[in-house]
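Descriptive structure summary
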Amino acid sequence: MKIKKRHILLASLVFALSAAVFLNWRLSDGQGITVSNPVKELGSATYVNSSITTEDEMSVNSSDIEESDLTDEQIEYFATSRSERKKTQDEVIELARQILELSDSSDEAKEEAAEQLSGIEEMLLSQNRIEMTLKAKGFSDCICCLSDMSCTIIIPQGEMTDNSSLIIKDCVDEVTDLPFENISIVEI
């Protein structure tokens, strides 16, 4: 007797569940569960105070945004500054390599050149990490000038908000051990 009651109860629960699933499917016009965007895209977050509301507007290419935000003078300044910085850094690296390759250089000079070369490469990597992180945090462009004692971040004029200095200093702090007072921000 108990077995029949359990089977009847189990069958009625299965029937009720099936009916609920059918009604849910029928009321949703037979479309079932659909995923509108199954692939997550890096950088496609929407903020609470964002003015972007549609998916079409969210698909705007980031390079289009960068070019529209910067003036021609700013674009030229950043390009020129990067090329001058690269040229200077290449000259210093080449000088250190020449010292390493000279056979008549003393062992001390070779060790010092190797240390300088290693320090320059580390500084270049740090500068690139800071610049890439700041661009990922929303700045259209920036240049990081890093030395042993200080860091200067150059950003386009008009991009500073109330939180920008904290964001910049936090990015520099993640990569370097510089105190906040040795980090300066310049708008061009």
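The following paragraphs examine the structure supplied in this document. (Residues numbered from 1 in each chain as written. Predicted model: local features only at pLDDT ≥ 70, side-chain atom pairs only at ≥ 80, totals over all residues. Heavy atoms only, no water.)

**Overview of the overall build of the protein**
Quick reminder of the rule: Here a helix means four or more residues in a row that DSSP labels H or I, a strand means two or more in a row labelled E, and each is numbered from the N terminus. In this scheme, a residue with accessible area under 20% of its type's maximum is buried, one over 50% is exposed, and one in between is partly exposed, where area comes from a 1.4 Å probe on protein chains only. Accessible surface is estimated by sampling points in the Shrake-Rupley manner with a 1.4 Å probe; for residues, cover comes only from the protein chains shown.
Counting secondary structure elements, the protein contains six helices and three strands. Secondary structure elements of the protein occur, N-terminal to C-terminal, as α-α-α-α-α-β-β-α-β. Counting all 188 residues of the protein, 20% fall into the buried class. As presented, the protein carries roughly 14,600 Å² of accessible surface, and 55% of it is formed by carbon and sulfur atoms.

**What about the nonpolar core?**
Selection rule: Definition of nonpolar core: a set of buried residues of the types Ala, Val, Leu, Ile, Met, Phe, Trp, Tyr and Cys, connected through side-chain atoms within 4.5 Å.
Membership of the largest hydrophobic core comes to 15 residues, with the highest contact counts inside it found for I130, L134, C151 and I153. For this core, the elements supplying multiple residues, two or more each, are α5 (107-136), β1 (143-146), β2 (151-155) and α6 (164-175).

**Description of the packing of α5 against α6**
In plain terms, the rule: Geometry is summarised by axes, namely lines fitted to C-alpha atoms with helices restricted to the contacting stretch, and by angles between N-to-C directions that run from 0 to 180 degrees. Here a crossing is taken to be left-handed if its near helix is turned anticlockwise relative to the far helix by less than a right angle, and right-handed if that turn runs clockwise. By definition, residues are in contact when any of their heavy atoms lie within 4.5 Å. For this classification, the nonpolar set comprises Ala, Val, Leu, Ile, Met, Phe, Trp, Tyr, Cys and Pro, the charged set comprises Asp, Glu, Lys and Arg, and every other residue, Gly included, is treated as polar.
Put simply, α5 and α6 touch, their axes get as near as 9 Å, and they point 145 degrees apart. The interaxial crossing formed by α5 with α6 has right-handed handedness. Seen from α5, the contacting residues are S126, R129, I130, T133 and L134; seen from α6, they are I167, I168, C171, V172 and V175. When the residues that make up the contact of α5 with α6 are grouped by side-chain class, the tally is seven nonpolar, two polar and one charged.

**Observations regarding α5**
Worth spelling out the cut-off: What a helix is expected to span follows from its residue count: subtract one and scale by 1.5 Å.
Look at α5: 43 Å from first C-alpha to last across 30 residues, which is about the 44 Å you get at 1.5 Å a residue. Close packing links the buried residues of α5 with α4 (72-101), β1, β2 and α6. After α5 finishes, the residue G138 shows a positive phi value of roughly 120 degrees.

**Topic: the pattern of salt bridges**
Working definition: two side chains of opposite charge can pair if their charged atoms are close together. Inclusion rule: A side-chain nitrogen of Lys or Arg and a carboxyl oxygen of Asp or Glu constitute a salt bridge if their distance falls within 4 Å.
Enumeration according to the criterion identifies four salt bridges in this entry. In the salt-bridge network here, residues are joined through shared partners; they are R82, K135 and D141.

**A few points about the packing of α4 against α5**
Keep this limit in mind: Our angle categories are set so that under 35 degrees counts as roughly parallel, over 145 as roughly antiparallel, 65 to 115 as roughly perpendicular, and the remainder as oblique.
Contact pair α4 / α5: the axes reach a minimum separation of 8 Å and the direction vectors enclose 155 degrees. By the angle between their axes, α4 is roughly antiparallel relative to α5. Considering the relative orientation of α4 and α5, their crossing is left-handed. Across from R82, R85, Q89, V92, I93, A96, R97, I99 and L100 in α4, the residues of α5 making contact are A109, K110, A113, A114, L117, I120, E121, L124, Q127, N128, E131 and K135. Residue classes in the contact of α4 with α5 are distributed as eleven nonpolar, three polar and seven charged.

**Concerning the packing of aromatic side chains**
Here is the rule: Two aromatic rings from Phe, Tyr or Trp, using only the six-membered ring of Trp, form a pair when their centres are within 6.5 Å; if the ring planes differ by under 30 degrees the pair is stacked, by over 60 it is edge-to-face, and anything between is tilted.
Going through the model one piece at a time under the given rule, you end up with one aromatic pair. Note on Y77 and F78: the rings are 5.8 Å apart at their centroids and 75 degrees apart in plane angle, and the pair reads as edge-to-face. The exposure class of Y77 is partly exposed, given its relative accessible area of 33%. In this structure F78 comes out as buried when scored by relative accessible area, which is 1%.

**A word on α4**
Between its first and last C-alpha, α4 extends 43 Å over 30 residues, near the 44 Å set by a 1.5 Å rise per residue. Within α4, burial applies to Q74, F78, S81, R85, Q89, I93 and A96.

**Structural notes on the environment of K169**
Relative to the elements of secondary structure, K169 occurs in helix α6. Here the alpha-carbon distance between K169 and P179, two residues ten residues apart in the chain, equals 9.1 Å. Excluding residues within four positions of it along the chain, K169 makes contact with F180 and I183.

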